[in-house]
Amino acid sequence: MERTLSIIKPDGVARGLIGEVIKRFEANNLKIVAMKMIYMTKAQAQGFYAVHKERPFFDSLTDFMSSGPIVVLILDGENAIAKYRELMGATNYKETAEGTIRRDFATDIEKNIVHGSDSPESADFEIGYFFNSFEVIC
Ligand code: CMP
């Protein structure tokens, strides 16, 4: 079993896609063990994406991620990190496989509906960034 962090980004929430995204988790044996809706400040978004702070898109990305409410979830399952990344599709929605969340709904390389951890190390950091142990179902 493995654990990963998912974010339904401000564009996904604003466009009414929370249910659609969650439906895909449930249909693919990714068990939701924690979930909440939050509205990040710019500083909180900068902290979350600190790994990208030298990238040219950092300022725009953190503006976007603090522009509206998001839903953060912890998903449990066998190979959860890879399985969720497959469901999500690649960062660039134009280059990703048919039937993925980003291919079906993203409109932009930045406004790409969902985020997912890319390794066990980033999952640990990202889960700890949003959740404490009392918020996770055992
Ligand atoms: P995410 O999976 O949340 O990880 C980093 C985010 O930065 C990514 O999704 C996109 O929203 C954004 N991003 C990555 N590459 C670019 C890019 N070339 N231009 C703009 N935004 C990007």
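The following paragraphs examine the structure supplied in this document. Residue positions are counted from 1 within each chain, in the order its sequence is given. Selection of residues for local features in this predicted model requires a pLDDT of at least 70, selection of side-chain atom pairs for listing and counting requires 80 or more, and totals for whole chains, interfaces and linings are taken over all residues. Side-chain measures here rest on the full set of heavy atoms in the structure, leaving out hydrogens and waters.

## Focus: the side chain of Ser6
Then, in step 1: Secondary structure elements are taken from DSSP: a helix is a run of H or I of four residues or more, a strand is a run of E of two residues or more, and numbering for both begins at the N terminus. Relative to the assigned elements, Ser6 resides in strand 1 (residues 2-8).
Then, in step 2: With relative accessibility at 0%, the residue Ser6 sits in the buried group.
Then, in step 3: In protein, a polar contact means a hydrogen-donor-capable atom and an acceptor-capable atom, both N or O and within 3.5 Å, with residues adjacent in sequence counting only if both atoms are side-chain atoms; elsewhere, any N or O pair within 3.5 Å suffices. A polar contact is formed between the side chain of Ser6 and the side chain of Tyr84, at a distance of 2.9 Å.
Then, in step 4: Only heavy atoms matter for contacts: two residues are in contact if any of them lie within 4.5 Å across the pair. In this structure Ser6 touches Phe25, Val71, Val72, Leu73, Leu75, Tyr84 and His115, once residues within four positions along its chain are discounted. Exposure is judged per residue with a 1.4 Å probe applied to protein chains only, and the accessible area is read against the type maximum: over 50% gives exposed, under 20% gives buried, and values in between give partly exposed.

## Focus: the nonpolar core
Then, in step 1: In this structure, Ile8, Phe25, Ile113 and Val114 are the most contacted members of the largest nonpolar core, which totals 20 residues.
Then, in step 2: Counting residues per element, the ones that place at least two in this core are helix 2 (18-27), strand 3 (70-77), helix 5 (80-88) and helix 6 (101-105).
Then, in step 3: If you tally residues by element for this core, the top one is helix 5, at four residues.
Then, in step 4: Look past the residues within four positions of Ile113 in its chain and what remains in contact with it is Ile7, Ile8, Lys9, Asp11, Gly12, Arg15, Leu17, Val21, Ile101, Phe105 and Ala106.
Then, in step 5: Ranked by size, the runner-up nonpolar core spans 19 residues in total, among them Val33, Phe48, Tyr49 and Met65. Joining through side-chain atoms within 4.5 Å is the link that ties buried Ala, Val, Leu, Ile, Met, Phe, Trp, Tyr and Cys residues into a set, and such a set is a nonpolar core.

## Observations concerning the environment of Arg15
Then, in step 1: Here Arg15 is to be found in the loop between helix 1 (10-14) and helix 2.
Then, in step 2: Through-space distance from the C-alpha of Arg15 to that of Ile113 is 9.3 Å; in sequence the pair is 98 residues apart.
Then, in step 3: In this structure, Arg15 is in contact with Phe105, Thr107 and Ile113, ignoring residues within four places of it in sequence.
Then, in step 4: For Arg15, the side chain forms a polar contact with the main-chain oxygen of Phe105, separated by 2.7 Å.

In short, geometric facts, not functional conclusions.
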